[in-house]
Amino acid sequence: MKLRKAMVLLIAMLVTVGLFWGCSKKETENQTSVETKKPNETKGTTNKDEIVTLKWIQVGNGMPTNYEAWQKHINEYLGEKIGVHIEVEVVPWSDWDNRRNVIVNSGEYFDILFTDSSKYSSQVNMGAFLDITDLIEKNAAELVSYIPKNYWDAVSVKGKIYSVPTYKDSSCTEYMVWDKVMTDKYQIDYDNIRTFEELEAALAKIKEGEGKNPFIMDKNGVDAVLVYYDQMGVGLAALGVRYDDTTRKVVNVLEQEDVLKQLDMLHKFYKAGIISPDAPTLDEAPKYRTLQIAQGWSAAAKTTWGPNMGSEAVAVQYTDTIVSNTTVRGSLSGIYSGTKYPEKCLQFLQLVNLDSVVRDAFYYGLEGENFKYNEKGEVERINNDWSMAGYTQGTFFNVTKLAGDDSNQWEEVKTLNSGAKPSVLLGFNLDTSNIETELANCRAVYEKYKSELLTGAKEPRELVKTITKELYAAGFETIVKETQDQIDAKK
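Residues numbered from 1 in each chain as written. Predicted model: local features only at pLDDT ≥ 70, side-chain atom pairs only at ≥ 80, totals over all residues. Heavy atoms only, no water.

Visitor: Help me out: how do you make sense of empty space enclosed by the protein in this one?
Guide: Left-over empty space is what a probe sized like a water molecule reveals as it rolls over the atoms. In this structure, the second largest cavity encloses a volume near 30 Å³. Thr303, Thr304, Tyr363, Tyr364, Arg381, Val399, Leu402, Gln409 and Trp410 are the residues that line the second largest cavity. Contributions of two or more residues to the lining of the second largest cavity are made by α10 (300-309), α13 (356-364) and α14 (409-418). When the residues that make up the lining of the second largest cavity are grouped by side-chain class, the tally is five nonpolar, three polar and one charged. (1 Å grid on protein atoms, 1.4 Å probe; cavity = no way out; pocket = protein on both sides within 12 Å on 5 of 7 lines; lining within 4 Å. Points joined across faces, edges and corners; volume = space filled by probe spheres on them. Helix = DSSP H or I, 4+ residues; strand = E, 2+ residues; numbered from the N terminus. Nonpolar A, V, L, I, M, F, W, Y, C, P; charged D, E, K, R; others polar.)

Visitor: Even after reading the chapter, I still don't get the side chain of Asn353, so can you show me in this structure?
Guide: Looking at the element boundaries, Asn353 is found in helix α12 (residues 342-354). Among the residues examined, Asn353 registers a relative accessible area of 2% and is labelled buried. The residues contacting Asn353, other than those within four sequence positions of it, are Leu143, Gly394, Thr395 and Asn398. (Buried < 20%, exposed > 50% of the residue type's maximum accessible area, 1.4 Å probe, protein only. Contact = heavy atoms within 4.5 Å.)

Visitor: Looking at this model, I keep getting lost on the pairing of strand β1 (residues 52-60). Mind explaining?
Guide: Consecutive side chains along a regular strand alternate between the two faces of the sheet. In terms of residue burial, β1 counts as a mostly covered element, since eight of its nine residues are buried. Note: β1 against strand β2 (residues 84-92), nine bridges, orientation parallel. Directly across from Lys55, in β2, lies its bridge partner Glu87. Regarding the hand of the β-α-β motif, the stretch spanning β1, helix α1 (residues 67-82) and β2 is right-handed. (Pairing = 2+ DSSP bridges. Right-handed = clockwise from strand over helix to strand, strands pointing away.)

Visitor: Got a minute to help me understand the packing of aromatic side chains in this structure?
Guide: Geometry of an aromatic ring pair is reported as the spacing of the ring centres plus the angle between the planes. What the rule picks out here adds up to 28 aromatic pairs. With a centroid separation of 4.7 Å and 40° between ring planes, the pair formed by Phe110 and Tyr336 is classed as tilted. Taken together, the positions of Phe110 in the loop between α2 (93-106) and β3 (112-115) and Tyr336 in the loop between β14 (332-335) and α12 put the pair 226 residues apart, joining distant regions of the chain. Just as Phe110 is buried, Tyr336 falls in that class too. Summarising the aromatic geometry, the rings of Phe348 and Phe362 are spaced 6.0 Å apart at their centres and angled 70° between planes, so their arrangement reads as edge-to-face. Note that Phe348 is positioned in helix α12 and Phe362 in helix α13, a separation of 14 residues in sequence. Residue class for Phe362 comes out buried when judged on its relative accessible area of 0%. Put simply, the rings of Trp297, Tyr363, Tyr364, Phe371, Tyr373, Phe396 and Trp410 touch in pairs and so form one group of aromatic residues. Cation over ring: Lys340 sits above Tyr109, and NZ or CZ is 5.6 Å from the ring centre. (Phe/Tyr/Trp six-rings, centres within 6.5 Å; stacked < 30°, edge-to-face > 60°. Lys NZ or Arg CZ within 6 Å of the ring centre and 35° of its normal.)

Visitor: Sorry if this is basic, but what is going on with the sheet that holds strand β12 (residues 313-317) here?
Guide: Pairing between sheet strands relies on hydrogen bonds along the backbone, with the strands arranged either parallel or antiparallel. Spatially, β11-β7-β12 is the arrangement adopted by the three strands of the open sheet, whose pairing is antiparallel. Of all strands in the sheet, those with a lone pairing partner are β11 (291-295) and β12, marking the two edges. Direction aside, the axes of adjacent strands within the sheet are offset by 30° on average. Sheet topology places strand β7 (residues 174-179) next to β12; five bridges connect them, and they run antiparallel. Along β12, the bridge assignment pairs Tyr175 with Gln317. In this fold helix α8 (residues 196-210) packs onto β7 and β11, with an angle of close to 15° to the strand it touches most, β7. (Axes fitted to C-alpha atoms, helices over the stretch in contact; angles between N-to-C directions.)

Visitor: What should I look at first to understand the nonpolar core in this one?
Guide: Burial of nonpolar side chains together is a common tendency in soluble globular proteins. Counting residues in each nonpolar core, the largest one holds 85 residues, and the members touching the most others are Trp70, Ile86, Val164, Trp297, Phe348 and Phe362. No other element matches α12, which puts seven residues into this core. When neighbours within four sequence positions are excluded, Val164 is seen to be in contact with Ile132, Ile136, Leu143, Ile147, Trp152, Ser331, Leu332, Ser333, Leu346 and Leu349. Met176, Ile188, Met232 and Val241 belong to the second-largest nonpolar core, a separate cluster that totals 64 residues. (Core = buried A, V, L, I, M, F, W, Y, C linked by side-chain atoms within 4.5 Å.)

Visitor: I tried to follow the side chain of Gln58 on my own but got confused; where do I start?
Guide: In this structure, Gln58 sits in strand β1. The class of Gln58 is buried, set by a relative accessible area of 0%. With residues up to four places along the chain from it excluded, the contact list for Gln58 reads Val88, Glu89, Val90, Val91, Trp96, Phe114, Phe362, Met388, Thr392 and Gln393.

Visitor: Sorry, what's going on with the layout of surface pockets here?
Guide: One number sums up the size of the second largest pocket: a volume of about 270 Å³. Lining the second largest pocket are 18 residues, with Phe428, Asn429, Leu430, Asp431 and Lys490 positioned closest to its centre. Grouping the constituent residues of the lining of the second largest pocket by class yields six nonpolar, seven polar and five charged.

Visitor: Mind showing me how you'd approach the sheet that holds strand β6 (residues 164-165) here?
Guide: Strand order in this open sheet of five strands is β2-β1-β3-β14-β6, and the pairing throughout is mixed. For this open sheet the edge positions go to β2 and β6, each flanked by a neighbour on one side alone. Most of the contacts of α2 go to β2, to which it runs at about 120°, and overall it touches β1, β2 and β3.

Visitor: Even after reading the chapter, I still don't get the environment of His85, so can you show me in this structure?
Guide: Along the polypeptide, His85 turns up in strand β2. Overall, His85 belongs to the partly exposed group, its relative accessible area being 27%. Taking the C-alpha atoms as reference, His85 lies 42 Å from Thr455; in sequence the two are 370 residues apart. From its side chain, His85 meets the backbone oxygen of Asn75 in a polar contact 3.4 Å long. (Polar contact = N/O pair within 3.5 Å; in protein donor to acceptor, adjacent residues only side chain to side chain.)

Visitor: It is not clear to me how α14 should be interpreted in this structure. Could you clarify?
Guide: In terms of residue burial, α14 counts as a mostly covered element, since seven of its ten residues are buried. Inspection of α14 places Gln409, Trp410, Glu412, Val413, Lys414, Leu416 and Asn417 among the buried residues, and these make up the whole buried set.

Visitor: Help me out: how do you make sense of the pattern of salt bridges in this one?
Guide: Oppositely charged side chains can form a pair if their charged atoms are brought close together. Summed over the entire model, instances satisfying the criterion amount to 26 salt bridges. Across the salt bridge formed by Glu257 and Arg461, the nearest N and O atoms sit 2.8 Å from each other. Highlighted residues: Glu257 in helix α9 (residues 257-271) and Arg461 in helix α16 (residues 460-473), separated in sequence by 204 residues. A salt bridge links Asp320 to Lys421, with the shortest nitrogen-to-oxygen separation between them at 3.5 Å. With a gap of 101 residues between them, Asp320 in the loop between β12 and β13 (322-323) and Lys421 in strand β17 (residues 421-422) connect regions that are remote in the sequence. By relative accessible area, Lys421 is classed as partly exposed at 40%. Members of the salt-bridge network, linked through shared partners, are Lys55, Glu89, Arg99 and Glu108. (Salt bridge = Lys/Arg side-chain N within 4 Å of Asp/Glu carboxyl O.)

Purely geometric numbers; function is a separate question.
Next comes the structure, spelled out in structure tokens:
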């Protein structure tokens, strides 16, 4: 196993309001020879007889085809370092919502579970996750110091910490990601396309020339139309406060004209055959897409989006960069409240974040099969078959640099984070304990219609009326009042 020197990059996250920032959607350089021990590796070995196995459930593209070989390889290292073996379940995106609901509601055993803003608060209120407030300082002190304090504040619920936040692109920026071969072929001026209205002519031209739908999406549609509304981490897209509304008024997001105009365009695209007709029922979009809307950073076009689609990609930012509680909670690791090994879970998560050998193994796959290190200590991908989702695991800033990556993508991520526009609700944590039933009912309503709404399959203004009527029958008015009361109490 190659060991390289990795500089631990500590970043002062600055937000003008003096609270915190980060979210959704990486880098350590200056690697050394295989014999050199990295300063950011966690110290200590353990008796192999004391090794315990932890189960980590993540979302991604399903189980890696070489999982057993990879597991054997990483467990040898983890066993020597902290007396842990890891068993990973990678749930496909299409199964994720159902699978995690089953896990949490049934009390199925796990040790660590990926979660995010859509379900985190509810899962905490259900008792799914362990309160690690006192444990983390004793078992992962280096990790506590490494992740900015404001991140820990962001994941606090009623003053207690129930998850380890992922230190990554924790602000949110949306991009239009194009296949450059196609834009060159049809002379698309993609740099000057920033709105859905401007997209129309370009996509129509490609559709006519290629004879097929250029805007392929799955049933999740384009949820980026909601990006300017802070959903306060409750997992109900219809509830929000616009990030720059200084009055901090809670609204039905779906009824807002800026959202409806974008939904109108999606419906126009769908009727014109620009959007794929099976979008409302497609569980997972294909890897190749002429155009996709994605959250991330521009250099990901070269390092991630392009390689994944098998073509050269270019990315154009079309939204502001925003930071909110929701974006910070875009990737969290929750430890099961009934875990047998709370201390080991924290030691393991510290290693995943701070040890680049472990970080690379989860991010890139099996050394020698999915990737290799070159003479500079940089990573060269052998293939793009690794199916774990890197953003669900740990910090980006200790992932080894890709060979040939001159974009310095992790520096771009830091720049986006530090320049993010803070939501007016940044630092506000909604207590949902009195409205959990109403939230669950309203989430069910939204989920029933989400695919048709966000893929453009139905006329949006009439559909929003239907959704709104059912939301109010499910208790939406109670949610809005409780939320507004809590916001006003914090002024």
